[in-house]
Amino acid sequence: TAAAPDLKDMPPPPNWTKPQIEFPAHQAQLGMTFYNGKMFPAQYQGGIFVAAHGSWNRTKPSGALINFVSLKADGSADKSTVFAEGWLDENGIYRGRPVDVAMMKDGSLLVSDDFAGAIYRISYGGRGDISRVQKTPAGQSLVEKFSPF
């Protein structure tokens, strides 16, 4: 598969179920939440937000982001897109590592980060961008701006 190219010639085991969405190997998708809030635009309602903690043993680190998986009308997965990133800098240094996502009553998202020791609140203000409200304890700005729209 695309997620594990080294296994591409290996036959699948009998009675296996093909995944609906494949994520890159070693990104460690640890937490997810179904979004049933109303704060974000309609395209996000009913989909799944997934926290990718990030690799620990790759030559080139990957992950440290939040994916959004849209769903088809029948409830099966449609496609995965990067919703928020910035915890892995351009030099491959982790500035944070998302662990889980949760939805608040107002429809905003909370993202826990066990590397920076922080919880981020992601909200939508209707201006075409999503911004992070919470900074790390040291005041660093990890994720400058989310613009998935």
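What counts and how
- Residues numbered from 1 in each chain as written.
- Predicted model: local features only at pLDDT ≥ 70, side-chain atom pairs only at ≥ 80, totals over all residues.
- Heavy atoms only, no water.
- Helix = DSSP H or I, 4+ residues; strand = E, 2+ residues; numbered from the N terminus.
- Buried < 20%, exposed > 50% of the residue type's maximum accessible area, 1.4 Å probe, protein only.
- Contact = heavy atoms within 4.5 Å.
- Areas by Shrake-Rupley, 256 points an atom, 1.4 Å probe, with all protein chains shown as cover.
- Pairing = 2+ DSSP bridges.
- Axes fitted to C-alpha atoms, helices over the stretch in contact; angles between N-to-C directions.
- Phe/Tyr/Trp six-rings, centres within 6.5 Å; stacked < 30°, edge-to-face > 60°.
- Salt bridge = Lys/Arg side-chain N within 4 Å of Asp/Glu carboxyl O.
- Core = buried A, V, L, I, M, F, W, Y, C linked by side-chain atoms within 4.5 Å.
- pLDDT = per-residue confidence, 0-100.

Enquirer: Before we go on, may I ask you to explain the overall build of the protein in this structure?
Expert: For the protein, the helix and strand inventory stands at 0 helices and 8 strands. From first element to last, N terminus to C terminus, the protein shows the α and β order β-β-β-β-β-β-β-β. Across the 149 residues of the protein, 39% fall into the buried class. Across the protein, contacts joining residues at least 24 apart in sequence account for 42% of those joining residues at least 6 apart. If you sum the accessible surface of the protein, you get close to 8,900 Å²; carbon and sulfur atoms cover 54% of it.

Enquirer: I keep staring at the sheet that holds strand β1 (residues 29-34) and nothing clicks. Help me out?
Expert: Within a sheet, adjacent strands bond to each other through the backbone by hydrogen bonds, running parallel or antiparallel. An order of β1-β2-β3-β4 is seen for the 4 strands of this open sheet, with the pairing classed as antiparallel. Pairing within the sheet leaves two strands with one partner each, and these edge strands are β1 and β4 (77-84). Averaged over all adjacent pairs, the angle separating strand axes in this sheet is 25 degrees, with direction ignored. Pairing geometry for strand β2 (residues 48-52) and strand β3 (residues 65-71), over 5 bridges, is antiparallel. The residue of β3 that forms the bridge with phenylalanine 49 is phenylalanine 68.

Enquirer: Looking at this structure, how should I read the packing of aromatic side chains?
Expert: Centre-to-centre distance and the angle between the planes together describe a pair of aromatic rings. Overall, the coordinates contain 11 aromatic pairs when judged by the stated rule. Where phenylalanine 49 meets phenylalanine 68, the ring centres are 4.9 Å apart and the plane angle is 55 degrees; that geometry is what we call tilted. Taken together, the residues span a long stretch of sequence, with phenylalanine 49 in strand β2 and phenylalanine 68 in strand β3 at a distance of 19 residues. Each member of the pair, phenylalanine 49 together with phenylalanine 68, is buried.

Enquirer: How should the pattern of salt bridges be read in this particular structure?
Expert: Pairing between side chains of opposite charge can happen when their charged atoms approach one another. Scanning the entire structure with this criterion turns up 2 salt bridges. Among the salt bridges present, the one from arginine 95 reaches aspartate 89, with a minimum N-O distance of 2.9 Å. You can call arginine 95 partly exposed: its relative accessible area is 42%. For the salt bridge of arginine 121 with aspartate 106, the shortest nitrogen-to-oxygen distance reads 2.7 Å. Pair noted here: arginine 121 is in strand β7 (residues 118-124) and aspartate 106 is in the loop between β5 (98-103) and β6 (109-113), with a separation of 15 residues, a long-range link. On the basis of relative accessibility, which here comes to 24%, the residue arginine 121 falls in the partly exposed class.

Enquirer: In this structure, what is going on with the pairing of β2? I would like to understand it.
Expert: Residues in a regular strand project their side chains so that they alternate between the two faces of the sheet. Summarising burial for β2: 5 of the 5 residues are buried, a large majority. A two-sided burial pattern is seen for β2, the buried positions comprising Ile48, Val50 and Ala52 on one face and Phe49 and Ala51 on the other.

Enquirer: I'm lost on the nonpolar core in this one. Help?
Expert: Across soluble globular proteins, nonpolar side chains have a tendency to be buried as a group. Counting residues in hydrophobic clusters, the biggest one holds 20 residues, and the most contacted among them are Phe40, Phe49, Ile66 and Phe83. Going through the elements one at a time, β2, β3, β4, β6 and β7 are the ones with two or more residues in this core. With 3 residues, the single largest contributor to this core is β7.

Enquirer: Looking at this structure, how should I read the confidence of the model for the protein?
Expert: As a note on interpretation, predicted positions should not be read in detail where pLDDT is low. The pLDDT averaged across the protein works out to 83; a share of 82% of its residues lies at or above 70. Here residues 130-149 is modelled with pLDDT under 50, and outside its nearest four sequence neighbours on either side it reaches 59 contacts, counting other chains as well.

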